[in-house]
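Next come the chains, spelled out residue by residue.
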Amino acid sequence: MAVYESDLPGVGKKFEIDLDGEAQLVVVIHNTGKRELFVRDSPDADSEKLFELSDKLARQVGTIMEGAYFQPIRDDEISTVLDDDTIIEWAKVTDESELVGTTLAESGVRQRTGASIIAVQRGNETIQNPPPDVEFEADDTLVSIGDRESHSELERLAAGEATLDGAPGDAGTPPTDDEFVDDDSATDEP
């Protein structure tokens, strides 16, 4: 992409930006702050005015275009980034998943994967903040929050590529109460 800059005496500056093929985007910034945008299909064609913006509006649009309000990421899955370590993602429950027929509480999804399910999309219905007794069905879409590793584990579980009993790659089965060591029973007497 090439950008050509030229002075427009008494008017301001003109920027010509090469687009795909021979087309160019032409931006004229007036001394008053007004911006005009034109498109030219080829170097010999006349420019066609697209629109005009005030200085304030042009700066707001520029900030949005720059990514100051929302920074998109390239991802094959639908996801929303909250910070560097926390994202919201969607995982589809398949017929092969052991989640089908289990409740949120029985599945222990958060303990096994690290991802917290914040909604279940079932057809046109959305179950927000699903209760522990919500039963998973095939074709449910689980909306969860967590880090990328947690989401990968949840996606494997939802796709039937991992099992509830701690198959390789799972975060494992959560410990039962009798597997915890009672630290109070040990004494550190001198």
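Structure shown above.
A.B. asks: So what's going on with helix H4 (residues 148-159)? Residues and values would help.
C.D. replies: Relative to the 16 Å expected for 12 residues at 1.5 Å per residue, H4 spans 16 Å between its end C-alpha atoms, a close match to the ideal helical length. Buried within H4 we find Ser-150, His-151, Glu-153, Leu-154, Leu-157 and Ala-158. For H4, the arc enclosing every buried residue in end-on projection is 160 degrees, short of the 170-degree limit, so these residues lie on one face. Contact partners of the buried residues in H4: strand S7 (87-92), helix H3 (109-113) and strand S10 (141-146). Gly-160 occupies a position one or two residues after H4 and carries a positive phi of about 85 degrees.

A.B. asks: Help me get a handle on a nonpolar patch on the surface, residues and values and all.
C.D. replies: On the surface, Leu-57, Val-61 and Met-65 cluster together to form a nonpolar patch covering roughly 290 Å² of accessible area. By the element assignment, Val-61 lies in helix H1 (residues 55-66). Judged by relative accessible area, Val-61 falls into the partly exposed class, the value being 34%.

A.B. asks: Go over the pattern of salt bridges with me, naming the residues and quoting the values.
C.D. replies: When the charged atoms of two side chains lie near each other, side chains of opposite charge can form a pair. Evaluated as defined, the whole model comprises 11 salt bridges. Lys-13 serves as the salt-bridge partner of Glu-5, at 3.0 Å between the closest nitrogen and oxygen. A residue is classified by how much of its surface remains accessible, and Lys-13, at 30% relative accessible area, is partly exposed. Shared partners join several salt bridges into a network, and the residues in it are Glu-5, Asp-7 and Lys-13.

A.B. asks: So what's going on with the sheet that holds strand S5 (residues 48-53)? Which residues, and what values?
C.D. replies: Taking strand neighbours across the sheet as the criterion, the five strands line up as S1-S2-S3-S4-S5 in an open arrangement whose pairing is antiparallel. The open sheet terminates on both sides in strands that have one partner only, identified here as strand S1 (3-8) and S5. Strand-to-strand twist across the sheet, computed as the mean angle between neighbouring axes with direction ignored, equals 20 degrees. In this structure, strand S2 (residues 12-18) lies alongside strand S3 (residues 24-30), joined through seven bridges in antiparallel fashion. Paired with Lys-13 across the bridge in S3 is Ile-29.

Definitions and cut-offs
- All chains use their own residue numbering, which begins from 1 and follows the written sequence.
- For this predicted model, a pLDDT threshold of at least 70 governs which residues receive local features, and a threshold of 80 or more governs which side-chain atom pairs are given and counted, while totals over whole chains, interfaces and linings are taken from all residues.
- Values shown for side chains rest on all heavy atoms present in the structure; no hydrogens or waters enter the calculation.
- A run of H or I in DSSP becomes a helix once it reaches four residues, and a run of E becomes a strand once it reaches two; helices and strands are each numbered from the N terminus.
- Here the expected length of a helix is defined as 1.5 Å per residue gap, with one fewer gap than residues.
- Three exposure classes are used, based on accessible area relative to the maximum for each residue type with a 1.4 Å probe and protein chains only: buried under 20%, partly exposed in between, and exposed over 50%.
- This arc corresponds to the set of directions leading from the helix axis out to the C-beta atoms.
- Throughout, a contact is declared for two residues whenever any of their heavy atoms are within 4.5 Å.
- Here, patches come from residues exposed beyond 30% relative accessible area and free of salt bridges, joined within 9 Å for like charges and within 5 Å for nonpolar side chains (Val, Leu, Ile, Met, Phe, Trp, Tyr).
- Only the protein chains shown count as cover for residues, and the accessible areas themselves come from Shrake-Rupley with a 1.4 Å probe.
- The salt bridge definition used is simple: a Lys or Arg side-chain nitrogen within 4 Å of an Asp or Glu carboxyl oxygen.
- Only strands that DSSP links by at least two bridges are regarded as paired with each other.
- Angles run from 0 to 180 degrees between N-to-C directions of axes, and those axes are lines fitted to C-alpha atoms, restricted for helices to the stretch in contact.

From the geometry alone we can't say anything about function, so treat these as descriptive.
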